[in-house]
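Topology and contacts: notes
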Amino acid sequence: MEFMPELDTLFWIMLAMSAGAGLMRGFAGFGSAMMLSPLLSLYYSPLAAVLIIGIMEIVVSIQLVPKALKDVEWPFLRPVIIAAILCIPLGIWALSAIDGNIISAFISLMVLAFVIVLATGWRYAGPKRLPITIGIGGLSGALIASTSVGGPPLLIYMMAGSQTARQVRANIIVYFAVIEIAVLIALWVRGLFDMEYFLMGAFFCPTYLAGAWLGSRLFRESSEHLYRRIALILLAIIAVYGLAGSLR
């Protein structure tokens, strides 16, 4: 099967954004889906966003996971992953049952809410009991399967504790690696796997990987505070644009 995306303006925008998303993913361990999903859902479909981002996340995980493994908090992450996998079917049901414009608007609103939470410096201050951890994992898994943006609930929850930035980054890198594989398998089983979108994601992988490699280097050498400020501004702009487009 041959595939070549149309080299229109949207293609070049997505190519540039894939490099920017990779930079964010490599630096912070998250943010790539929040950058790409609003526009992919708006101009293609929510299913396209899940598939395109899924293959890109799996490929970049090969680059990021080995170095992250030593910092993973497995007692915390295991129940999160199990709960997320069990709730993937719920997200896939939502993906196929809910109107695409509604999902696109929801994605943009969720990204905006996450940006506001991080910008204000608010942190969840409650205890990390197992039932709460399982609930957060299940919510995140369902959101990844339906919108490709499942990181915000888990990130807010993790940032509440005593984990270092390195531990949070490692947890989210390994979590996404496992869950994205599970989501693509579930889509295949449900007959929703579209090879055209899968190959489109593979087409964007080289620029995404290049951005992730640069982001990993910046994580070791640059100011995290400055980078996060720039990332939040960019995410807010993308979310507002995606929301405006989905409500037209």
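The shown structure was predicted, so the numbers you read here are calculated from the model rather than taken from an experiment.

Cut-offs used in this document
Residues numbered from 1 in each chain as written. Predicted model: local features only at pLDDT ≥ 70, side-chain atom pairs only at ≥ 80, totals over all residues. Heavy atoms only, no water. Helix = DSSP H or I, 4+ residues; strand = E, 2+ residues; numbered from the N terminus. Buried < 20%, exposed > 50% of the residue type's maximum accessible area, 1.4 Å probe, protein only. Contact = heavy atoms within 4.5 Å. Areas by Shrake-Rupley, 256 points an atom, 1.4 Å probe, with all protein chains shown as cover. Axes fitted to C-alpha atoms, helices over the stretch in contact; angles between N-to-C directions. Parallel < 35°, antiparallel > 145°, perpendicular 65-115°, else oblique. Left-handed = near helix turned anticlockwise from the far one by under 90°. Nonpolar A, V, L, I, M, F, W, Y, C, P; charged D, E, K, R; others polar. Core = buried A, V, L, I, M, F, W, Y, C linked by side-chain atoms within 4.5 Å. Phe/Tyr/Trp six-rings, centres within 6.5 Å; stacked < 30°, edge-to-face > 60°. Expected span 1.5 Å × (residues − 1). Patch = residues over 30% accessible without salt bridge, like charges linked within 9 Å, V, L, I, M, F, W, Y side chains within 5 Å. Salt bridge = Lys/Arg side-chain N within 4 Å of Asp/Glu carboxyl O.

**Side note on the overall build of the protein chain**
- Along the protein chain, the regular secondary structure elements total ten helices and zero strands.
- Listing every helix and strand of the protein chain by position from the N terminus yields α-α-α-α-α-α-α-α-α-α.
- The burial tally for the protein chain puts 54% of its 248 residues in the buried class.
- For the protein chain, long-range pairs separated by at least 24 residues make up 86% of all intrachain contacts whose partners lie at least 6 apart in sequence.
- Roughly 11,200 Å² of accessible area belongs to the protein chain as shown, and the carbon and sulfur atoms make up 69% of that amount.

**Some remarks on the packing of helix α4 (residues 74–97) against helix α6 (residues 130–147)**
- α6 packs onto α4 with a crossing angle of 40 degrees between their chain directions and a minimal axis gap of 5 Å. Comparing their axes, α6 and α4 come out oblique. Our pair here, α4 against α6, has a crossing hand that is right-handed. On the side of α4, the interface is formed by Phe76, Pro79, Val80, Ala83, Ala84, Cys87, Ile88, Leu90, Gly91, Ile92, Ala94 and Leu95, while α6 contributes Leu130, Thr133, Ile134, Gly137, Gly138, Gly141, Ala142, Ala145 and Ser146.
- Residues of the contact of α4 with α6, tallied by class, amount to 15 nonpolar, six polar and no charged.

**Considerations on the nonpolar core**
- Counting residues in hydrophobic clusters, the biggest one holds 80 residues, and the most contacted among them are Ile172 and Tyr175.
- At 14 residues, the largest contribution of residues to this core is made by helix α8 (residues 165–189).

**Describing the environment of methionine 24**
- The residue methionine 24 is located in helix α1 (residues 9–28) in this model.
- Residues methionine 24 and methionine 35 lie eleven residues apart in sequence; the distance between their C-alpha atoms is 8.9 Å.

**Quick notes on the packing of aromatic side chains**
- Across all of its chains, the model carries six aromatic pairs by this definition.
- When the ring of tyrosine 44 is compared with that of tyrosine 197, the centres are 6.4 Å apart and the planes differ by 70 degrees; the resulting orientation is edge-to-face. Linking tyrosine 44 in the loop between α2 (32–43) and α3 (46–68) with tyrosine 197 in helix α9 (residues 195–221), this pair joins segments that are 153 residues apart in sequence.
- Through pairs of rings, three or more aromatic residues link up here, namely Trp188, Phe193 and Phe198.

**Quick word on α6**
- Helix length check: α6, at 18 residues, gives a terminal C-alpha distance of 25 Å against a target of 26 Å (1.5 Å per residue), a fit within 8%.
- Those residues of α6 lying buried are Thr133, Ile136, Gly137, Gly138, Ser140, Gly141, Ala142, Leu143, Ile144, Ala145, Ser146 and Thr147.
- The inward-facing, buried residues of α6 abut α2, α3, α4, α5 (100–120), α7 (151–158) and α8.
- Positioned one or two residues after α6, serine 148 has a phi angle of 70 degrees, which is positive.

**Side note on a nonpolar patch on the surface**
- On the surface, Leu90, Trp93, Ile98 and Ile102 cluster together into a nonpolar patch covering about 420 Å² of accessible area.
- Mapping leucine 90 onto the fold places it in helix α4.
- With relative accessibility at 53%, the residue leucine 90 sits in the exposed group.

On their own, these measurements won't tell you what the molecule is for.
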